[in-house]
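Breakdown of the fold
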Amino acid sequence: MPAAHPGSEEWVAIGRVLGSRGNRGELKTESLSGHPDRFLGLESVYLLGPAGSEARHHRFEVENAWQHGGHIVLKLRGIETISEAERWRGCEVHLPRPERLPLPEGEYYQSDLIGFEVVREDGRPVGCVRGWQEHGGPALLAVEGESGQEVLIPFAASICVAVDAGGRRIVVKLPEGLEAVRLYENYLTTFAINRGSAS
């Protein structure tokens, strides 16, 4: 199994391994790219891990890739059994940054927004983007607040009103004093109502 150290290369995460699927070592993978069909034409990918070896990227040739049940299934050369596939559970699927697809204006890779400062429209700080959460609806920015608390903010144009990639800043329009959990619940309720009225 070829291995490469990250060194000074930049990487982009396009997926996360959720576990094994089938009995031939296939990997059930969550797409992080927003373009799941991206996986279908790949010749190779890099897995960061497994747990305990985060400083090493492992390169695998892609034998096959297909979509199933809202996820991507990857068959990688060198991973042949369920137990071998399970070793990679929780690891990220990476590509060297030059190999990623260019995005249309107004779209962003989730990994690019990690570390962005989040501020209100009047400039008051909310916190810093530390990650993402997916719960079947709109993606949520996981923001570390000023006091260390986690703030979950839907990444939607009505809430994240401006993204300054050069300045590494996201401007948000949040209801004053609204708790993160309530913001999330209210957004999903509105989302469900809007979907129901449109059907």
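The structure under discussion appears in the preceding block.
All of the points below concern the structure found in this document. Owing to the predicted nature of the structure, the values given are computational and were not obtained by experimental measurement. The written sequence of each chain sets the order in which its residues are numbered from 1. Local features in a predicted model are, by the rule used here, given only for residues with pLDDT of at least 70; side-chain atom pairs are given and counted only at 80 or more, and totals for whole chains, interfaces and linings are based on all residues. Side-chain calculation: all heavy atoms of the structure are included, whereas hydrogens and water are not.

1. Brief notes about the nonpolar core
Rules: Residues grouped as a nonpolar core are buried Ala, Val, Leu, Ile, Met, Phe, Trp, Tyr and Cys residues, joined through side-chain atoms within 4.5 Å. Working definition: with a 1.4 Å probe on protein chains only, accessible area under 20% of the residue-type maximum means buried, over 50% means exposed, and in between means partly exposed. In this description a helix means any DSSP run of H or I spanning at least four residues, a strand means any run of E spanning at least two, and both kinds are numbered starting from the N terminus.
Membership of the largest hydrophobic core comes to 21 residues, with the highest contact counts inside it found for Leu27, Leu47, Leu74, Leu76, Ile79 and Val93. Elements supplying a minimum of two residues to this core: strand E2 (11-21), strand E4 (44-48), strand E5 (57-68), strand E6 (71-76) and strand E7 (92-96). Membership of the second largest hydrophobic core comes to 16 residues, among which are Val118, Val143, Val151 and Ile153.

2. A few points about the packing of aromatic side chains
Put simply, the test is: Aromatic rings from Phe, Tyr and Trp, taking only the six-membered ring of Trp, are treated as a pair when their centres fall within 6.5 Å; an angle between ring planes under 30 degrees marks them as stacked, one over 60 as edge-to-face, and anything in between as tilted.
As enumerated under the stated definition, the model contains three aromatic pairs in all. Ring centres 5.3 Å apart and planes at 85 degrees place the aromatic pair Phe60 and Trp88 in the edge-to-face group. You can see Phe60 sitting in strand E5 and its partner Trp88 sitting in the loop between helix H1 (82-86) and E7, a full 28 residues away along the chain. Between Trp132 and Phe155 the ring centres are 5.3 Å apart and the planes differ by 80 degrees, which places this aromatic pair in the edge-to-face class. Within this pair, whereas Trp132 is found in strand E9 (residues 125-133), its partner Phe155 is found in the loop between strand E11 (150-154) and strand E12 (160-164), the two being separated by 23 residues in sequence. Of the residues examined, Phe155 reaches a relative accessible area of 27% and is grouped as partly exposed.

Everything listed here is a matter of coordinates, which is why it stays silent on function.
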